[in-house]
Each structure stands twice: as C-alpha cells, then as structure tokens.
Amino acid sequence: MRKRSILTLIAVVLLFSACFDDDDSENVLMVEATVRLLAPPEGCDDYIIETENDNLLFPLNLDNEYLVDGLEINIIYDLVDGVTHQCGRIGAVPSIELLEIERE
C-alpha cells in the first residue's frame, strides 16, 4: 500500500511540474531588424541593430557572417540589464544577447 501511495505522489508531482514553465519565452517575439555600421562622428564605429520600430541595440554576440551594413534580419534577443554601449552623439545603446538570428 505504501509503494502505491509513493508512486501516486510521484506521478502527481511530475504531472504538475510539467504544467509550470520557468522560461519567459512566451514573452519573447521575433523582431524584424537591420544591421547598421554606425561610423563616427554620429555613431560608435561599431555594428548595431536597428529594430523595425527604430530602437537601436548593441549585440554582444553578433557573428561575423552578419557584419554587413544594411543586412535585414529577424532576431530574438534578451536585454542585458545594466550594460550599455556608448555610441558617439547617439549616446548609450542598450546591450542585447541574441538568442536567435536569421537572414530575411
């Protein structure tokens, strides 16, 4: 009888643990964006990403194959709290970690 109770308890715990998702991925969306090289004096002499709604973001992990000015991409990213990149007259640009990237 005790074995059956323990097995039932384990089954219930496993069942309910599958219902909880610790990942915030339901809030993550793929965004259309463009890779830009911001040259001085206005820019930071570095590649940034401009989203479809004109936000500028500094990717911490942009692969060399995407270092093409004007390249249109789709990205999923995570904002890196408290980390910015200084871009000339533009000022501080929020840093991001790219979770997914694909060419359009």
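Scroll up to find the structure.
Residues numbered from 1 in each chain as written. Predicted model: local features only at pLDDT ≥ 70, side-chain atom pairs only at ≥ 80, totals over all residues. Heavy atoms only, no water.

Caption draft 1: Region of interest: the overall build of the chain. Each helix and strand in the chain was counted, giving 1 helix and 5 strands. Going from the N terminus to the C terminus, the chain shows its helices and strands as α-β-β-β-β-β. Counting only residues that meet the buried cut, the chain has 25% of its 104 residues in that class. Put simply, 54% of the contacts in the chain that link residues at least 6 apart link residues at least 24 apart. (Helix = DSSP H or I, 4+ residues; strand = E, 2+ residues; numbered from the N terminus. Buried < 20%, exposed > 50% of the residue type's maximum accessible area, 1.4 Å probe, protein only. Contact = heavy atoms within 4.5 Å.)

Caption draft 2: Geometry of the side chain of N74. Relative to the elements of secondary structure, N74 occurs in strand β4 (residues 72-87). Residue N74 is classed as buried on the basis of its relative accessible area, which comes to 13%. Residues in contact with N74, not counting those within four places in the same chain, are M30, V31, E32, E100, I101, E102 and E104.

Caption draft 3: Region of interest: the environment of N53. Residue position: N53 is located in the loop between β2 (46-51) and β3 (56-59). Along the chain, N53 and V31 lie 22 residues apart, while their C-alpha atoms are 9.4 Å from each other. Here T51 takes part through its side chain, which lies 2.5 Å from a polar atom of the side chain of N53. (Polar contact = N/O pair within 3.5 Å; in protein donor to acceptor, adjacent residues only side chain to side chain.)

Keep in mind these values describe shape, not function.
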